[in-house]
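Below are the chains, spelled out letter by letter.
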Amino acid sequence: MTRDQMIAYILAANAVARNAAAHGHHPFGAVLVSPDGTILMRQGNIDTVRHAETELARRAAAAYSPEFLWSCTLVSTGEPCAMCAGTFYWVNIGRLVYGYEETQLLALTGDHAENPTMNLPARTVLSSGQKAIEVHGPFPEIEGELLAPHRDFWRR
C-alpha cells in the first residue's frame, strides 16, 4: 500500500468519523481494507467503550478467518488506544494505518470524562506481542483535517 493510498483510506475513515459525530457519537472512524484494496467494513465510534476500531475488529473476526485478516489493514483516523490495539492484535489484523497520534487528541480533549486518554502508544502495545504487526502513521499533512471534527465536539 502506497502512502497516497494510505492517506485516501484515512480520509475514508474520516468520513465515517464525521458521520458518527453527526449522529452524536465520538468523532472517530475506522475502515478495514482487503489485500486488493477494497474497503470491506466501515465503523464509527459508538461511545467511551465501544470504539470504532474494537467494533470493527470484532465484526471482522465474525466475518473472516484469522488467516485472511492477517493480510488486511485496519485504517483509523487516530492512533488506536491500548484497548483497540489489543483487540485487533487478538483478531489477527496484520497492518495498522492511522492519521494522528493520541497525544494530538489529548491536547484537544484534556481531562474530558468521555476520553480518559492513556499514555500508551499503539506501537508499544503491538510490539509487546508475539506477532509482527506493521504500523504506519501518523500523517502530519492531514492531521488538521482529521482533528477538525474533534475541535468542537469535546467542548460540549
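Computed from a predicted structure; not experimentally measured.

Asks: Quick question: what am I supposed to make of the overall build of the protein chain here?
Replies: Check the secondary structure of the protein chain and you find seven helices and five strands. If you list the helices and strands of the protein chain from N to C, you get α-β-β-α-α-β-α-β-α-α-β-α. Relative to the 2.2 N^0.38 estimate, which gives 15 Å for 156 residues, the radius of gyration of the protein chain is 14 Å and therefore close to what a compact globule would have. C-alpha extents for the protein chain along the principal axes are approximately 40 × 30 × 30 Å. Scored against the burial criterion, the 156 residues of the protein chain give a buried share of 49%. The long-range share in the protein chain, meaning contacts at least 24 apart out of those at least 6 apart in sequence, stands at 64%.

Asks: Honestly, the side chain of Ser34 in this entry has me stumped. Any pointers?
Replies: With respect to the element layout, Ser34 can be found in the loop between β1 (29–33) and β2 (39–44). Polar side-chain contacts of Ser34 include one of 2.4 Å to the side chain of Asp36. The residues touching Ser34, leaving out its near neighbours within four places in the chain, are Leu40, Phe68 and Cys72.

Asks: Explanation requested: the nonpolar core in the structure shown.
Replies: What tends to happen in soluble globular proteins is that the nonpolar side chains get buried as a cluster. Ranked by internal contacts, the top residues of the largest apolar core, which has 21 residues, are Leu32, Leu69, Phe88, Ile93, Leu96 and Leu126. At the level of secondary structure, the elements contributing two or more residues to this core comprise β1, α2 (52–63), α4 (82–91), β4 (95–100) and α6 (122–127). The contacts of Leu126, once residues within four sequence positions are left out, are Ala85, Phe88, Tyr89, Leu96, Lys131, Ile133 and Val135. Residues Tyr9, Val33, Leu146 and Leu147 belong to the second largest nonpolar core, which totals 17 residues.

Asks: Honestly, the sheet that holds strand β5 (residues 134–136) in this entry has me stumped. Any pointers?
Replies: Neighbouring strands of a sheet are bound in pairs by backbone hydrogen bonds; such pairs are parallel or else antiparallel. One open sheet accounts for five strands, arranged β2-β1-β3-β4-β5; its pairing is mixed. Both edges of this open sheet fall to β2 and β5, since each of them pairs with a single strand only. When strand polarity is set aside, the average angle formed by the axes of neighbouring strands in this sheet is 15 degrees. Relative to β4, strand β3 (residues 73–78) runs parallel, the two sharing five bridges. Of the residues in β4, the one forming a bridge with Thr73 is Arg95. Helix α7 (residues 143–153) rests against β3 and β4 of the sheet, and its axis sits at about 75 degrees to β4.

Asks: Mind showing me how you'd approach the pattern of salt bridges here?
Replies: A side chain of one charge can pair with a side chain of the opposite charge when the charged atoms of the two come close. Under the definition given, this model contains four salt bridges. When the shortest N-O distance is used, the salt bridge between Arg58 and Glu55 registers 3.6 Å. Highlighted residues: Arg58 and Glu55, both in helix α2, separated by three residues, approximately one helical turn. Given a relative accessible area of 46%, Arg58 falls into the partly exposed group. The partner of Glu134 in a salt bridge is Arg95, with the nearest N and O atoms 3.1 Å apart. Of this pair, Glu134 sits in strand β5 while Arg95 sits in strand β4, placing them 39 residues apart in sequence. One salt-bridge network, held together by shared partners, links Arg50, Glu55 and Arg58.

Definitions and cut-offs
- Residues numbered from 1 in each chain as written.
- Predicted model: local features only at pLDDT ≥ 70, side-chain atom pairs only at ≥ 80, totals over all residues.
- Heavy atoms only, no water.
- Helix = DSSP H or I, 4+ residues; strand = E, 2+ residues; numbered from the N terminus.
- Rg over C-alpha atoms; globule rule 2.2 N^0.38 Å.
- Buried < 20%, exposed > 50% of the residue type's maximum accessible area, 1.4 Å probe, protein only.
- Contact = heavy atoms within 4.5 Å.
- Polar contact = N/O pair within 3.5 Å; in protein donor to acceptor, adjacent residues only side chain to side chain.
- Core = buried A, V, L, I, M, F, W, Y, C linked by side-chain atoms within 4.5 Å.
- Pairing = 2+ DSSP bridges.
- Axes fitted to C-alpha atoms, helices over the stretch in contact; angles between N-to-C directions.
- Salt bridge = Lys/Arg side-chain N within 4 Å of Asp/Glu carboxyl O.

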